[in-house]
Amino acid sequence: MNWTGYPSRRLAVNGLLTALAICVNQLEGMFPHPLPGVKLGLANALGLAAFGLFGFKDAVMVSTLRVITVGLTFSGLGLSFGCSLAGVGCSMVVLLLLGRLWPERLSLWALGQAMAMGFNLGQLAVVAWAVSSPSLFLSYLPIMAGSSLVTGFATGTMAGWLMRKAGAPKSPGRGPI
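Residues numbered from 1 in each chain as written. Predicted model: local features only at pLDDT ≥ 70, side-chain atom pairs only at ≥ 80, totals over all residues. Heavy atoms only, no water.

Colleague: How should the overall build of the protein chain be read in this particular structure?
Modeller: The secondary structure content of the protein chain amounts to six helices and zero strands. Ordered by position in the sequence, the α and β elements of the protein chain form the string α-α-α-α-α-α. For the protein chain, the C-alpha radius of gyration of 16 Å lies close to 16 Å, the compact-globule estimate for 177 residues. Along the longest, intermediate and shortest principal axes, the C-alpha atoms of the protein chain span 50 × 35 × 25 Å. (Helix = DSSP H or I, 4+ residues; strand = E, 2+ residues; numbered from the N terminus. Rg over C-alpha atoms; globule rule 2.2 N^0.38 Å.)

Colleague: Is there a simple way to explain the pattern of salt bridges in this structure?
Modeller: When charged atoms on two side chains of opposite charge get close, those side chains can pair. Applying the stated criterion across every chain yields a total of one salt bridge. A salt bridge links Asp 58 to Arg 10; its shortest N-O distance comes to 2.4 Å. Residue Asp 58 is located in helix α3 (residues 56-75), and its partner Arg 10 is located in helix α1 (residues 7-29); the two are separated by 48 residues in the primary sequence. (Salt bridge = Lys/Arg side-chain N within 4 Å of Asp/Glu carboxyl O.)

Colleague: Explain the layout of surface pockets here, please?
Modeller: If a probe the size of a water molecule is rolled over the atoms, the empty space left behind becomes visible. Each pocket or cavity is described by its volume, and for the largest pocket that value is around 770 Å³. Those elements that provide at least two residues to the lining of the largest pocket are α1, α2 (43-53), α3, α4 (79-98), α5 (108-130) and α6 (134-165). Counting residues per element, the lining of the largest pocket draws most heavily on α5, which supplies eight residues. Partitioning the lining of the largest pocket into residue classes produces 19 nonpolar, 17 polar and three charged. (1 Å grid on protein atoms, 1.4 Å probe; cavity = no way out; pocket = protein on both sides within 12 Å on 5 of 7 lines; lining within 4 Å. Points joined across faces, edges and corners; volume = space filled by probe spheres on them. Nonpolar A, V, L, I, M, F, W, Y, C, P; charged D, E, K, R; others polar.)

Colleague: Explanation requested: unusual backbone geometry in the structure shown.
Modeller: Backbone geometry follows two general trends: most residues other than glycine have a negative phi, and most peptide bonds adopt the trans configuration. That bond from Trp 102 to Pro 103 is cis: its omega, 5 degrees, falls within 30 degrees of zero. Look at Ser 132: it is not a glycine, yet its phi comes out positive at around 55 degrees. Turning to its location among the elements, Ser 132 is positioned in the loop between α5 and α6. Under the relative-accessibility criterion, Ser 132 is labelled exposed at 65%. (Buried < 20%, exposed > 50% of the residue type's maximum accessible area, 1.4 Å probe, protein only.)

Colleague: Whenever I open this one, the nonpolar core confuses me. Can you help?
Modeller: Side chains of nonpolar character tend, in soluble globular proteins, to be buried together. Formed by 33 residues in total, the largest nonpolar core has its most connected members in Leu 48, Leu 53, Leu 95 and Leu 111. At the level of secondary structure, the elements contributing two or more residues to this core comprise α1, α2, α3, α4, α5 and α6. With near-sequence residues (within four places) excluded, Leu 48 lies in contact with Leu 95, Leu 108, Leu 111, Gly 112, Met 115, Thr 155, Gly 156 and Ala 159. (Core = buried A, V, L, I, M, F, W, Y, C linked by side-chain atoms within 4.5 Å. Contact = heavy atoms within 4.5 Å.)

Colleague: I'm lost on the packing of aromatic side chains in this one. Help?
Modeller: The description of two aromatic rings rests on the distance between their centres and on the angle between their planes. Under the criterion given, the structure shown has two aromatic pairs. For the pair Phe 51 and Trp 102, a centre-to-centre distance of 5.9 Å together with 55 degrees between the ring planes defines the contact as tilted. Here Trp 102 lies in the loop between α4 and α5 and Phe 51 lies in helix α2, a separation of 51 residues in the sequence. The pair formed by Phe 51 and Trp 102 is uniform in burial state, with each residue classed as buried. (Phe/Tyr/Trp six-rings, centres within 6.5 Å; stacked < 30°, edge-to-face > 60°.)

Colleague: Hey, could you run me through empty space enclosed by the protein in this one?
Modeller: Going through the model one piece at a time under the given rule, you end up with one cavity of 30 Å³ or more. Computed from the structure, the largest cavity encloses a volume of approximately 40 Å³. Every residue along the wall of the largest cavity is listed here: Asn 44, Ser 63, Ser 91, Met 92, Met 115 and Phe 119. Mapped by element, the contributors of at least two residues to the lining of the largest cavity are α4 and α5.

That's the geometry; what it means functionally is another story.
Here you go:
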């Protein structure tokens, strides 16, 4: 499907990706987490799919709107919101820096893993600041780094699947699309 030249289609698809990200975020909250702060983060795959389909600005829009909407309607604007907002901010910085390497030199899986690490770093920084404990950041960092490999792989896989279903062209690079 040709995505260029159709602003209304782009807006509609981004709206659907945002709505789906909100739903996935809420569904993930219903399942138990193996460790505090560790969850699959599949809602982040929708932002990554927006990047793959349309570009960086669309990824920022989908991801940020998801966090703000969930914060305003479900979780409130407390620590959870701060963690999510910092996580999205850091993952978008990672996407800005590494996104230009996709698809030629970086797979969607690796991009998802790097973004998951950025998200986790942002969350850890907010929690360490909130409890005034920099040692918490350092002690929990290896756990979050390890979980980033698994969750980022899942995020990259889901984003690739979504992009294929949306009719994105086959990527010349390595990875799930």
